[in-house]
Amino acid sequence: MEDELFDQIVSVFQTLVSWIAAGAMVFGGVVPYIPQYRDIRRTQNAEGFSSYVCLVLLVANILRILFRFGRYFETLLLWQSFIMIATMLIMLNLCTNVRTATELNTKRRSFIDFDWNYFWLWTRFLDYVQCVLAFTLVAAYITYVLLDSALFVESLGFLAVFTEAMLGTPQLYCNYQNKSTEGMSIKMVLMWTSGDTFKTGYFLITQAPVQFWTCGLLQVVVDVTILFQVYYYSQYPQKPVSHTVSLTTSAKAL
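Just so you know, these numbers come straight off a predicted model, no measurement behind them. Residue positions are given per chain, counting from 1 as you read along its sequence in written order. Where totals are concerned, whole chains, interfaces and linings use all residues; where local detail is concerned, this predicted model gives features only for residues with pLDDT of at least 70, and gives and counts side-chain atom pairs only at 80 or more. Remark: hydrogens and water are excluded; side-chain values derive from all non-hydrogen atoms of the structure.

**A short note on the overall build of the protein**
- In terms of helices and strands, the protein carries 10 helices and 0 strands.
- Numbering goes from the N terminus for both helices and strands, where a helix is a DSSP run of H or I of at least four residues and a strand is a run of E of at least two. Reading the secondary structure of the protein in the N-to-C direction produces α-α-α-α-α-α-α-α-α-α.
- Here's how the labels work: a residue is buried when its accessible area is under 20% of the maximum for its type, exposed when over 50%, partly exposed in between, all with a 1.4 Å probe on protein chains only. Burial analysis of the protein (254 residues in total) assigns 39% to the buried set.
- Any pair of residues with heavy atoms lying within 4.5 Å of one another is described as a contacting pair. For the protein, contacts bridging at least 24 residues in sequence account for 76% of all contacts bridging at least 6.
- Here the protein has roughly 14,900 Å² of accessible surface; of this, 67% comes from carbon and sulfur atoms. The protein chains shown are the only cover counted for residues, whose accessible areas, like all others here, come from Shrake-Rupley with a 1.4 Å probe.

**Describing the pattern of salt bridges**
- The rule for a salt bridge is simple: a side-chain nitrogen of Lys or Arg has to be within 4 Å of a carboxyl oxygen of Asp or Glu. A complete count under the given rule lists 4 salt bridges for this structure.
- Measuring nitrogen to oxygen at the nearest pair gives 3.4 Å for the salt bridge that ties arginine 124 to aspartate 127.
- Note on arginine 124: relative accessible area 31%, which makes it partly exposed.

**Brief notes about the side chain of threonine 200**
- Relative to the helices and strands, threonine 200 resides in helix 8 (residues 186-205).
- For threonine 200, a relative accessible area of 4% translates into the label buried.
- Any pair of nitrogen or oxygen atoms within 3.5 Å is treated as a polar contact; in protein, a donor-acceptor pairing is required on top of that, and neighbouring residues in sequence qualify only through side-chain atoms on both sides. A distance of 3.3 Å separates a polar side-chain atom of threonine 200 from the backbone oxygen of glycine 216.
- Not counting residues within four places of it along the chain, the set of residues in contact with threonine 200 comprises Trp213, Gly216, Leu217 and Val220.

**A closer look at unusual backbone geometry**
- Unlike most non-glycine residues, glutamine 44 shows phi in positive territory, near 55°.
- Tracing the sequence through the fold places glutamine 44 in the loop between helix 2 (33-43) and helix 3 (52-67).
- The phi torsion at phenylalanine 114 lies on the positive side, around 55°, for a residue other than glycine.
- Among the secondary structure elements, phenylalanine 114 is positioned in the loop between helix 4 (75-102) and helix 5 (125-146).
- By relative accessible area, phenylalanine 114 is classed as exposed at 60%.

**Description of the UniProt feature "transmembrane region" (unreviewed entry) in the protein**
- UniProt positions are given in the numbering used here, feature names are shortened, and annotations may be inferred rather than shown by experiment. On the UniProt side, "transmembrane region" (unreviewed entry) is annotated at positions that read residues 12-34, 46-67, 79-98, 119-144 and 211-233 here.
- Secondary structure across residues 46-67 comprises 73% helix and 0% strand; the distance between its end C-alpha atoms is 33 Å.
- End C-alpha to end C-alpha, residues 211-233 measures 33 Å, and it is 100% helix and 0% strand.

**What to know about the confidence of the model for the protein**
- Scored by pLDDT, the protein has a mean of 81; 88% of the residues are at 70 or more.
- pLDDT expresses how confident the predictor is about each individual residue, on a scale running from 0 to 100. Per-element confidence in the protein ranges from a low mean pLDDT of 33 for helix 10 (residues 243-253) to a high of 95 for helix 5.
- Every residue in residues 240-254 scores below 50 in pLDDT, and together they form 9 contacts with partners more than four places removed in sequence or on other chains.

**Topic: the side chain of aspartate 223**
- When you line up the elements, aspartate 223 lands in helix 9 (residues 210-235).
- Judged by its relative accessible area of 1%, aspartate 223 falls in the buried class.
- Among all residues touching aspartate 223, those that are not within four sequence positions of it are Val189, Trp192, Thr193 and Asp196.

**A word on helix 6 (residues 150-165)**
- Across its 16 residues, helix 6 extends 22 Å between first and last C-alpha, which sits within 8% of the 22 Å expected from 1.5 Å per residue.
- Those residues of helix 6 that sit buried are Phe152, Val153, Leu156, Gly157, Ala160, Val161, Thr163, Glu164 and Ala165.
- At its buried positions, helix 6 is contacted by helix 3, helix 5, helix 8 and helix 9. Multiplying one less than the number of residues by 1.5 Å gives the expected span of a helix.

**Looking at a nonpolar patch on the surface**
- Like charges are joined within 9 Å and nonpolar side chains (Val, Leu, Ile, Met, Phe, Trp, Tyr) within 5 Å, but only among residues with over 30% relative accessible area and no salt bridge; these make up the patches. On the surface, a nonpolar cluster with roughly 650 Å² of combined accessible area is contributed by Val138, Tyr141, Ile142, Tyr144, Val145 and Leu146.
- By secondary structure assignment, the location of valine 138 is in helix 5.

**As for the environment of glutamate 74**
- With respect to the helices and strands, the residue glutamate 74 is situated in the loop between helix 3 and helix 4.
- Looking at glutamate 74, the relative accessible area reads 32%, which means it is partly exposed.
- For the pair formed by glutamate 74 and alanine 208, sequence separation is 134 residues and the distance between their alpha carbons is 8.3 Å.

If you want it as structure tokens, here you go:
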């Protein structure tokens with residue numbers, strides 16, 4: 001009797017842990033962008049956040065969805081991709097509105113201008129949507145044509161997760177270019193690191209395709225490098241900080 005009760009408790013606990021892990025996988029990737037979104041709305045300044053982060057995640061998750069047509073992986077990871085795409089579009093919409101409102105140059109830049117000098121620097125959110133749709137259609141057509149090729153499918157899977165592994169590199173480069181991490185949400189990067197560590201462990205435990213966990217490890221390395229930038233630029237400032245920015249940074253630290 002006691003053994004049966006113990007087995008039931010263990011079973012309920014395992015189910016609960018499984019649900020929590022599933023929820024963390026689906027929604028955990030979105031959580032780091034909540035503080036960054038709130039910071040941008042509060043300060044009406046998107047300078048510290050690289051919109052190329054959105055580009056990287058949009059490309060990575062679109063490719064991951066297409067990869068599933070050729071190689072099955074957990075449905076949870078599929079839902080995670082859809083939710084991440086929606087989140088990145090929301091972030092792009094906010095950043096575009098903020099930058100348009102504060103930009104002195106009123107010249108309209110459009111996706112259909114096909115000017116590579118202003119790629120991903122367009123004036124309207126609609127232009128970003130057009131670009132994402134165009135990429136999705138082209139990638140879907142190529143996938144449909146080459147779906148019977150095992151080499152293409154495996155390469156597509158690697159490209160999807162490798163692109164996601166490069167998520168932090170636009171922010172890394174943005175920090176290096178500015179010689180500062182001002183305007184970047186440190187909470188976001190800490191959540192990146194914890195989330196990527198959890199995700200990589202999840203891939204290993206569930207025996208996900210090798211592309212997933214190897215690129216997950218690379219992602220953790222990039223996250224740790226950004227955290228090092230936070231420490232380095234705070235200890236060794238590379239440019240003078242204005243009084244206004246200092247107040248904003250102090251508020252974030254609190």
